Amino acid sequence: ARSLCRRPQTMAPLRIVSWNIGLRGLDKLCNEEADSGGPDTHGICRRAGFGGLPTLLRDLGYPDILCLQEVKLRQLGALERNLALADGYESYFGLCRIQTPSTSFGRYAGVATFCKMTCQAHRAEEGVTGSLASPQGAATVDPLDGEGRCVVTVHGDLAVLNVYAPAVTSSDPAQAERRAEYKAAFFAALERRCRDLLADGLRVLAIGDFNVAPEPI
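Everything in this summary refers to the structure shown in the same document. (Residues numbered from 1 in each chain as written. Predicted model: local features only at pLDDT ≥ 70, side-chain atom pairs only at ≥ 80, totals over all residues. Heavy atoms only, no water.)

### Notes on the overall build of the chain
For step 1, the next point in the chain: Of regular secondary structure, the chain possesses four helices and nine strands.
For step 2, the next point in the chain: Scanning the chain from its N terminus toward the C terminus, one meets helices and strands in the order β-β-α-α-β-α-β-β-β-β-β-α-β.
For step 3, the next point in the chain: The buried share of the chain, reckoned over its 217 residues, is 44%.
For step 4, the next point in the chain: Intrachain contacts of the chain at a sequence separation of at least 6 include 67% that bridge at least 24 residues. (Helix = DSSP H or I, 4+ residues; strand = E, 2+ residues; numbered from the N terminus. Buried < 20%, exposed > 50% of the residue type's maximum accessible area, 1.4 Å probe, protein only. Contact = heavy atoms within 4.5 Å.)

Below you can see the structure in the form of structure tokens.
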């Protein structure tokens, strides 16, 4: 995606890359499961891949903004720091807050946005509803924000929404219906958020993995 970021001293083109690789294709963590080539339960333990975040950024041509979906991190602790930090970039994460077996106790979904220091976000928010930006947001998480499916960053007059929309994959009809209702509510909230940002005078780019197809398949 290409746009123009209204930076203080330039109107240079802004290069944005979006990829649902999450952080799974990066280098393994230093733990026994990764060393033994164990299952990809943490989401970032595969041997094959780019060898780390700096290599990924290099191979993608050092984009101004990199939007990743399905990062599958439960937290950003000591082991994950190398996956969250890169020289010359700021990073913003939206992680799953629902600690249940169905979310692998938080190792589910999640998005991350990496921004070059030359195009830093002067505003960043987690979630699609905007409720987490309020002082009470962390204590009263809207269910639509509970799975870590959106991060909003604002660069000049451009708002970038890094989105990982829900999918409907269950073979159980009742569960599939509940998930379809959740997905529809998520998209309605996303549209409201985009319209609110437009009403604030911002240009809006919603980008990511929307889990939609143009026709039934």
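### What to know about the sheet that holds strand β9 (residues 203-209)
For step 1, the next point in the chain: Taking strand neighbours across the sheet as the criterion, the four strands line up as β6-β7-β8-β9 in an open arrangement whose pairing is mixed. Both edges of this open sheet fall to β6 (123-126) and β9, since each of them pairs with a single strand only. Averaged over all adjacent pairs, the angle separating strand axes in this sheet is 15 degrees, with direction ignored.
For step 2, the next point in the chain: Summarising the sheet, strand β8 (residues 158-164) and β9 pair through seven bridges and their orientation is parallel. Bridged to L158 within β9 is R203.
For step 3, the next point in the chain: Most of the contacts of helix α4 (residues 173-199) go to β8, to which it runs at about 170 degrees, and overall it touches β6, β7 (150-155), β8 and β9. (Pairing = 2+ DSSP bridges. Axes fitted to C-alpha atoms, helices over the stretch in contact; angles between N-to-C directions.)

### Let's talk about the side chain of E147
For step 1, the next point in the chain: Structurally, E147 can be placed in the loop between β6 and β7.
For step 2, the next point in the chain: With residues near it in sequence (within four places) discarded, E147 still touches L95, C96, I98, Y108, A109, G110, R179 and Y182.

### Looking at α4
For step 1, the next point in the chain: Under the 1.5 Å per step criterion, the end-to-end length of α4 is 39 Å for 27 residues, consistent within 8% with the ideal 39 Å.
For step 2, the next point in the chain: Taken together, the buried positions of α4 are A176, R179, Y182, K183, F186, A189, L190, R193, C194 and L197.
For step 3, the next point in the chain: Contact partners of the buried residues in α4: β6, β7, β8 and β9.
For step 4, the next point in the chain: Of the residues one or two after α4, G201 is the one with positive phi, at around 90 degrees. (Expected span 1.5 Å × (residues − 1).)

### Description of the side chain of E125
For step 1, the next point in the chain: Position of E125 among the secondary structure elements: in strand β6.
For step 2, the next point in the chain: Contact partners of E125, with chain neighbours within four places excluded, come to G130, A133, C150, V151, V152 and R193.

### Some thoughts on the packing of aromatic side chains
For step 1, the next point in the chain: On inspection of all chains with the given rule, the structure shows three aromatic pairs.
For step 2, the next point in the chain: Between the aromatic rings of F186 and F187, the centroid separation amounts to 6.1 Å while the plane-to-plane angle is 75 degrees, which identifies the pairing as edge-to-face.
For step 3, the next point in the chain: The ring of Y164 has R149 sitting right over it, with the charged end atom 4.8 Å from the ring centre. (Phe/Tyr/Trp six-rings, centres within 6.5 Å; stacked < 30°, edge-to-face > 60°. Lys NZ or Arg CZ within 6 Å of the ring centre and 35° of its normal.)

### Section: the environment of D145
For step 1, the next point in the chain: Mapping D145 onto the fold places it in the loop between β6 and β7.
For step 2, the next point in the chain: Spatially, the C-alpha atoms of D145 and G127 are 4.9 Å apart, while their sequence positions differ by 18 residues.
For step 3, the next point in the chain: Every residue in contact with D145, bar those within four places of it in the chain, is listed here: R97, G127, V128, T129, G130, S131 and L132.

### Notes on the environment of R74
For step 1, the next point in the chain: Structurally, the position occupied by R74 is in the loop between β3 (65-69) and α3 (81-84).
For step 2, the next point in the chain: Given a relative accessible area of 35%, R74 falls into the partly exposed group.
For step 3, the next point in the chain: Sequence spacing of R74 and R107 is 33 residues, and the spatial spacing of their C-alpha atoms is 4.7 Å.
For step 4, the next point in the chain: Setting aside its immediate chain neighbours within four residues, R74 contacts L95, Q99, F105, G106 and R107.

### A word on the pattern of salt bridges
For step 1, the next point in the chain: Taken as a whole and judged by the stated rule, the model has nine salt bridges.
For step 2, the next point in the chain: Across the pair D59 and R58 runs a salt bridge, and its minimum N-O distance is 3.1 Å.
For step 3, the next point in the chain: A salt bridge links E125 to R123; the shortest N-O distance between them is 3.2 Å.
For step 4, the next point in the chain: Counted as one network, the salt bridges with shared partners bring together R123, E125 and R193. (Salt bridge = Lys/Arg side-chain N within 4 Å of Asp/Glu carboxyl O.)

### As for the environment of A189
For step 1, the next point in the chain: Take A189: it is sitting in helix α4.
For step 2, the next point in the chain: Distance in space between the C-alpha atoms of A189 and G127 is 10.0 Å, their sequence separation being 62 residues.
For step 3, the next point in the chain: In contact with A189, not counting residues within four places along its chain, are V128, T129 and L144.

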